[in-house]
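# A look at the structure
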Amino acid sequence: MYASVAEVRGEGVSPASAADARVLALLDEATRTIDKATGQYFEPRQAKLRLDGRGTPTIELPVPPIRLDALRVDYEGRQPFPFFAASPFDFLPDPSALVIVGSPVGPGFDGARLTLRHGLLFPKGRGNVLADGVWGYTEDDGTPLGRTPLAVKRACLLLVLRGVLPLADDAAFEARSRWRILEERTRDQSYRLETNRGGGLWLTGDPDVDALLTPYVRTSPLGAA
């Protein structure tokens, strides 16, 4: 999850307003919402990705690698991943033949990818490349795994706070629902509000959250099945 119970408490949510179990459920829901809205995730997760080779040196990835433990390629097309018995990188002539662009993300990051050098190519095929490791879009904080981007953490907290506002509180309901108003009228005049005041993508329906998440929406081609 992209925030903690303690961080939610720090925003002024008391146990009387929401018990720990309720906060944890809202944090889990907010994390899932962010994952779905952006098409990627923002914490270290162990996973195996099956990727499609395209006959080129580079494969674009659906989520940045934090640590790549194994990369196996089926060159023959007869048996899937024939290199399991040996080193997980034994098709490489040397470690410098593989360039990894991933997390923790730093300045100038322009997309997660694996690139082979020395004339090697990822052969064309469907699901013929297996990449095993730890994945996630994290920011550099001086640690090997990195941290959840602060904007994503804030978006998670906002989603949780929206969830704990009491529906019966008229002022809270108005504050939470104000952004949904498209037009206001009085007896003598009316005015229409912009339908997309944040100027970004429509991701969660909450413009404050969407403005935080828009820079993190995955735009690179899907590379995993």
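A brief look at the structure comes next. Since this is a predicted model, take the numbers as computed values, not measurements. (Residues numbered from 1 in each chain as written. Predicted model: local features only at pLDDT ≥ 70, side-chain atom pairs only at ≥ 80, totals over all residues. Heavy atoms only, no water.)

### A closer look at the sheet that holds strand β2 (residues 58-60)
Strand pairing in a sheet is mediated by backbone hydrogen bonds. Such pairs are either parallel or antiparallel. Quick note on the threshold: Any two strands between which DSSP finds at least two bridges are classified as paired. Runs of E in the DSSP output that reach at least two residues are strands. Runs of H or I that reach at least four are helices, and both are numbered from the N terminus. Orientation is described by axes fitted as lines to C-alpha atoms, over the contacting stretch for helices, and by angles from 0 to 180 degrees between their N-to-C directions.
Taken in spatial order, the 3 strands of this open sheet run β2-β5-β4, and their pairing is antiparallel. Only two strands of the sheet have a single partner each, and these edge strands are β2 and β4 (98-101). Strand-to-strand, the axes of this sheet are offset by a mean angle of 10 degrees, without reference to chain direction. Taken together, the 3 bridges between β2 and strand β5 (residues 113-116) define a ladder with antiparallel strand orientation. Pairing of E60 across the sheet is with R113, part of β5.

### Regarding the packing of aromatic side chains
The geometry of an aromatic ring pair is captured by the separation of the ring centres together with the interplanar angle, meaning the angle of the planes. Basically, it comes down to this: Here is the rule: rings of Phe, Tyr and Trp (six-membered ring for Trp) pair when centre to centre is within 6.5 Å. Planes less than 30 degrees apart are stacked, more than 60 are edge-to-face, and the remainder are tilted. Note on classification: 1.4 Å probe, protein chains only; a residue is buried when its accessible area is under 20% of the maximum for its type, exposed when over 50%, partly exposed between these limits.
A full pass over the atoms with the stated rule returns 5 aromatic pairs. Geometrically, the ring pair formed by F109 and Y137 is edge-to-face, given 5.8 Å between the ring centres and 85 degrees between the ring planes. In this pair, F109 is assigned in the loop between β4 and β5 and Y137 in the loop between β6 (129-135) and α3 (150-164), connecting sequence segments 28 residues apart. F109 sits in the partly exposed class, given a relative accessible area of 27%. Pairing Y137 with Y216 gives two aromatic rings, centres 5.6 Å apart and planes at 85 degrees, and the pair type is edge-to-face. Within this pair, whereas Y137 is found in the loop between β6 and α3, its partner Y216 is found in the segment after α5 (207-213), the two being separated by 79 residues in sequence. Each member of the pair, Y137 as well as Y216, is classed as buried. Through successive ring pairs, a cluster of aromatic residues spans Y2, F42, F109, Y137 and Y216.

### Description of the side chain of S103
Here is the rule we go by: By the criterion applied in these results, polar contacts are pairs of N or O atoms within 3.5 Å in which, for protein atoms, one can donate a hydrogen and the other can accept it, and in which residues neighboring in sequence qualify only through two side-chain atoms. Whether two residues touch is decided by their heavy atoms; if any such pair falls within 4.5 Å, the residues are in contact.
Structurally, the position occupied by S103 is in the loop between β4 and β5. A polar contact is formed between the side chain of S103 and the backbone oxygen of G136, at a distance of 2.7 Å. Polar side-chain contacts of S103 include one of 3.2 Å to the backbone nitrogen of T138. Excluding residues within four positions of it along the chain, S103 makes contact with P64, P65, I66, G136, Y137 and T138.

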